[in-house]
Structure formats: structure tokens, C-alpha cells
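For reference, the chains in residue letters:
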Amino acid sequence: MLETQESIALSKSLLIEKHINADVPQSLNTNERAMKKVLNNLISNAIRFTDEGSINLKVDRVFKGEEPYLRFKVTDTGIGVPQEAIATLFDSLDKDTHLKNSSFTGRLRLIVSKGLCELMGGEIGLESREGQGSVFWFTIRLNN
């Protein structure tokens, strides 16, 4: 699934590291196409905004109460996101976003990703420090 992304990352001398916890089910009863789209969007953005270092993908299983979820974390060593831009990052196409090198397409990818996560019973978020990279994460509900 990540072959294309890995070749793009390698062309920038970036490494994509993957870690999938052993408790992650082999087969999923979820919208796999939507899940892959969100993951692709986040990794594409990570590659775009990372000039050196690495991108790390971690997948694990978490619980909210009794409900099982998959959590995906995409960590990069890129430029990071200013704190004042985080609140509206997944909701706004406003040109005044306080983002460096921002693009309409990149922001649209995040808005679409948020909608897809919500359709799959999950959510999406971000932890970031400008100049130090970002951790984009999303969850999807595991249907039994």
C-alpha cells in the first residue's frame, strides 16, 4: 500500500519506518478504501513538508471504553505546524492560516480526511511544534 509513497520519500532521501503492533487484526471490517485514503493523505503531506530525517507510521489498537479502535500515527521530522493554525487545520480553506508553504490541495486533503474518519466512527488530530515536526493521528472504529 505504501510502495508509491516510499519511492517518493526515497527520492528525497527520507526513510518511511513502519511499526504495526501485534494486536492489530489482519483483516478489518471497515471501509478499507477510506482508511487507505486518509493514511495516504497524511503520509503525502508528511513527505511534502519533510526535507530531512524520517517519517514513522505506527498502527496500534486502542479502546474508548469498551469500543475497539485502530489508531494510526504518522510522525515526521518536518517543518511543523504553528500553534495558531492547528485549531482550524481540518476545517478551513481560509488563505490566512499562518501556515508556511500551505497549499489548497494539502488543506483539502486534511478536510477530506477528517470527514472520512468521522464516517468510520473515528477522529483525527495533530500534535506539532513549529520547526520540530508533527504527529498526525487518526482513529477508526473496529466493527465486530
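Each value, and the rule that gives it
- Residues numbered from 1 in each chain as written.
- Predicted model: local features only at pLDDT ≥ 70, side-chain atom pairs only at ≥ 80, totals over all residues.
- Heavy atoms only, no water.
- Core = buried A, V, L, I, M, F, W, Y, C linked by side-chain atoms within 4.5 Å.
- Buried < 20%, exposed > 50% of the residue type's maximum accessible area, 1.4 Å probe, protein only.
- Helix = DSSP H or I, 4+ residues; strand = E, 2+ residues; numbered from the N terminus.
- Pairing = 2+ DSSP bridges.
- Axes fitted to C-alpha atoms, helices over the stretch in contact; angles between N-to-C directions.
- Parallel < 35°, antiparallel > 145°, perpendicular 65-115°, else oblique.
- Left-handed = near helix turned anticlockwise from the far one by under 90°.
- Contact = heavy atoms within 4.5 Å.
- Expected span 1.5 Å × (residues − 1).

Draft legend 1. Layout of the nonpolar core. The biggest cluster of nonpolar side chains holds 34 residues, and the ones touching the most others in it are Phe72 and Phe138. Per element, the largest residue contribution to this core is 8 residues, and it comes from helix α2 (residues 32–48).

Draft legend 2. Inspection of the pairing of strand β5 (residues 133–141) at higher detail. Most of β5 sits out of view: 8 of its 9 residues are buried. Taken together, the 8 bridges between strand β3 (residues 67–76) and β5 define a ladder with antiparallel strand orientation. Paired with tyrosine 69 across the strands is arginine 141, a residue of β5. One ladder, built from 6 bridges, connects strand β4 (residues 124–129) with β5; its direction is antiparallel. Paired with arginine 129 across the two strands is glycine 133, which belongs to β5. The hairpin turn running from β4 into β5, its antiparallel successor, is 3 residues long, and glycine 131 in that turn takes a positive phi close to 85°.

Draft legend 3. View of the packing of α2 against helix α4 (residues 104–119). With their axes 9 Å apart at the nearest point, α2 and α4 run at an angle of 150° to one another. If you check the angle between α2 and α4, you find them roughly antiparallel. You can see that α2 and α4 cross each other, and the crossing is left-handed. In this structure, α2 contributes Ala34, Lys37, Val38, Asn41, Leu42, Ser44 and Asn45 to the contact, and α4 contributes Gly106, Arg109, Leu110, Ser113, Leu116 and Cys117.

Draft legend 4. α4, seen in detail. When the terminal C-alpha atoms of α4 are compared, their 23 Å separation across 16 residues agrees well with the 22 Å that a helix rising 1.5 Å per residue should span. The complete set of buried residues in α4 reads Gly106, Arg107, Leu110, Ser113, Leu116 and Cys117. Looking at the buried residues of α4, the elements they touch are α2, β4 and β5. A positive backbone phi angle near 80° is found at glycine 121, which sits one or two residues after α4.

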